[in-house]
Amino acid sequence: MNANIMLKEDITPVGADYETVRQVIEILTVDYRDQPSLEEIAARLNQSPTQLQKTFTRWAGLSPKAFLQAVTLDHAKRLLREENLPLLETAIEVGMSGPSRLHDLFVTHEAMSPGEWKVKGSGLQIRYGYHPSPFGLALVMITDRGLAGCAFADAGEETECFEDMARRWPNAIYVEDSAATAPYAERIFDPARWNRDQPLRVVLLGTDFQVRVWQSLLKIPMGKAVTYSHVAQDIGQPTASRAVGAAIGANPISFVVPCHRALGKSGALTGYHWGITRKRAMLGWETGRV
């Protein structure tokens, strides 16, 4: 049944916050191809980036960047599925520099519940396998819910690498199954496989603090790097840089959750669980593809 409803009064919320949020949504929806930064939007609205971020997040439930990613991803999926555009054309159409940046948006994640984390993997089956990668032998670990681990080993260090990862979830059941993990390895390391419109699903197994840090790492664009203090600011704990560094070092899904893009305060590469040389190789490999 159709009906025309006449309101007796204007129910539009009053106040500057509502108008700010409305304008931000309009900018992000209309100008998403330009991928406007928070600073650019704030300048257009004559506001500080920090205050704009707080206001929008409080009202909309997500940050302007997250809203922009959602709008961009939705349009990209439509172009890939409905209009069958090639990946490069899709990336250019939605305002990204190339396929590798688009790939970043097609990594989705979920976290194990605190209860699941406390039992250290009890009842969880983790399948694993070793596969060649641009950065040495990769140990790939999966659960029924998605990719749970990605680690690296030099020749002869396979057992040591596996034991290092297994200590994180000592009560899990481990099954060697390279056939099951091979498709994940291909998706991770072969750029030619980044053209699928189905996201690479990642499951994060860690404490609440660690998961928040790893989620922040997923925001770092390919070819870019940030400091530990930047990550600490992003998760709302600006004085926790040291704890952030520890959480980054404990990241179980190396390369996909890009802990290699986090640097020390001075910009130094600092430590990397799988070796500074490998971290340097990853950053160089990515830089050549953006």
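Conventions we followed
- Residues numbered from 1 in each chain as written.
- Predicted model: local features only at pLDDT ≥ 70, side-chain atom pairs only at ≥ 80, totals over all residues.
- Heavy atoms only, no water.
- Helix = DSSP H or I, 4+ residues; strand = E, 2+ residues; numbered from the N terminus.
- Buried < 20%, exposed > 50% of the residue type's maximum accessible area, 1.4 Å probe, protein only.
- Contact = heavy atoms within 4.5 Å.
- Core = buried A, V, L, I, M, F, W, Y, C linked by side-chain atoms within 4.5 Å.
- Axes fitted to C-alpha atoms, helices over the stretch in contact; angles between N-to-C directions.
- Parallel < 35°, antiparallel > 145°, perpendicular 65-115°, else oblique.
- Nonpolar A, V, L, I, M, F, W, Y, C, P; charged D, E, K, R; others polar.
- Expected span 1.5 Å × (residues − 1).
- Arc of directions from axis to C-beta.
- Phe/Tyr/Trp six-rings, centres within 6.5 Å; stacked < 30°, edge-to-face > 60°.
- Salt bridge = Lys/Arg side-chain N within 4 Å of Asp/Glu carboxyl O.
- Pairing = 2+ DSSP bridges.
- pLDDT = per-residue confidence, 0-100.

The name that an unreviewed UniProt entry assigns to the protein chain is Methylated-DNA--[protein]-cysteine S-methyltransferase, with the source organism given as Agrobacterium cavarae.

Here we take up the overall build of the protein chain. Helix and strand counts for the protein chain stand at 13 helices and eight strands. Evaluated residue by residue, the protein chain yields a buried proportion of 43% over its 290 residues. Excluding contacts between residues fewer than 6 apart, the proportion of contacts in the protein chain whose partners are at least 24 apart in sequence is 62%.

Turning to the nonpolar core, a few remarks are in order. Ranked by size, the top nonpolar core spans 57 residues in total, and within it Leu 147, Phe 152, Val 213, Leu 217 and Val 244 carry the most contacts. No other element matches strand S4 (residues 146-153), which puts six residues into this core. Grouped together as the second largest cluster of nonpolar side chains are 11 residues, Ile 27, Leu 52, Phe 67 and Leu 68 included.

Interaxial distance between helix H10 (residues 208-217) and helix H12 (residues 241-249) falls to 9 Å at its minimum, and their mutual angle equals 80°. Taken together, the axes of H10 and H12 are roughly perpendicular relative to one another. Seen from H10, the contacting residues are Phe 209, Gln 210, Val 213, Trp 214 and Leu 217; seen from H12, they are Ala 243, Val 244, Ala 247 and Ile 248. When grouped by side-chain class, the residues that make up the contact of H10 with H12 number eight nonpolar, one polar and no charged.

It is worth spelling out H10 at this point. Counting buried positions along H10 gives seven out of 10 residues, so the element sits mostly inside the fold. Along H10, the positions that sit buried rather than exposed are Phe 209, Gln 210, Val 211, Val 213, Trp 214, Ser 216 and Leu 217.

Next up on the list: helix H13 (residues 276-287). With 12 residues, H13 extends 17 Å from end C-alpha to end C-alpha; this agrees with the ideal 16 Å at 1.5 Å per step. Of the residues making up H13, those classed as buried are Arg 278, Lys 279, Met 282, Leu 283, Trp 285 and Glu 286. Buried residues of H13, seen end-on, are gathered within an arc of 160° and therefore sit on one face of the element.

The next thing to look at is the packing of aromatic side chains. Applying the stated criterion to the full structure yields 10 aromatic pairs. When the centroid spacing of 6.4 Å and the interplanar angle of 65° are considered together, the rings of Phe 135 and Phe 189 count as edge-to-face. Separated by 54 residues along the polypeptide, Phe 135 in the loop between strand S2 (125-133) and strand S3 (136-143) and Phe 189 in helix H9 (residues 178-189) bring together distant segments of the chain. Both residues of the pair, Phe 135 and Phe 189, count as buried. Residues Phe 255 and Trp 285 carry aromatic rings whose centres are separated by 5.7 Å and whose planes lie at 70° to one another, so their mutual orientation is edge-to-face. Here the residue Phe 255 occupies a position in the loop between H12 and strand S8 (262-263), and Trp 285 occupies one in helix H13, the gap between them amounting to 30 residues. The two residues Phe 255 and Trp 285 agree in class, both being buried. Each residue in the set Phe 135, Phe 152, Phe 189, Phe 255 and Trp 285 is aromatic and connected to the rest through ring pairs, giving one cluster.

Attention shifts here to the pattern of salt bridges. If you walk through the whole model with that rule in mind, you get six salt bridges. Of the charged contacts, one joins Asp 164 and Arg 168 as a salt bridge, the two residues approaching to 3.2 Å between their closest N and O atoms. Of the two residues examined, Asp 164 and Arg 168, each falls in the buried class. Note that Asp 234 and Lys 219 form a salt bridge whose closest N and O atoms lie 3.1 Å from each other. Here the residue Asp 234 occupies a position in helix H11 (residues 228-234), and Lys 219 occupies one in the loop between H10 and strand S7 (226-227), the gap between them amounting to 15 residues. By relative accessible area, which is 37% here, Lys 219 ends up partly exposed.

For S4, the tally of buried residues reaches eight of eight residues, placing the bulk of the element in the interior. Note that S3 and S4 share seven bridges and pair antiparallel. Following the sheet pairing, Leu 137 is matched in S4 by Ala 153.

Turning our attention to the confidence of the model for the protein chain. Of the residues in the protein chain, 72% have a pLDDT of 70 or more, and the chain-wide mean is 78. Ranking the elements of the protein chain by mean pLDDT puts helix H6 (residues 99-105) last with 46 and strand S5 (residues 173-176) first with 95. Scored below 50 in pLDDT, residues 1-14 makes two contacts in the model with residues more than four places away or belonging to other chains. Note that residues 97-103 has pLDDT below 50 and, in this model, 18 contacts with residues that lie over four places away or in other chains.

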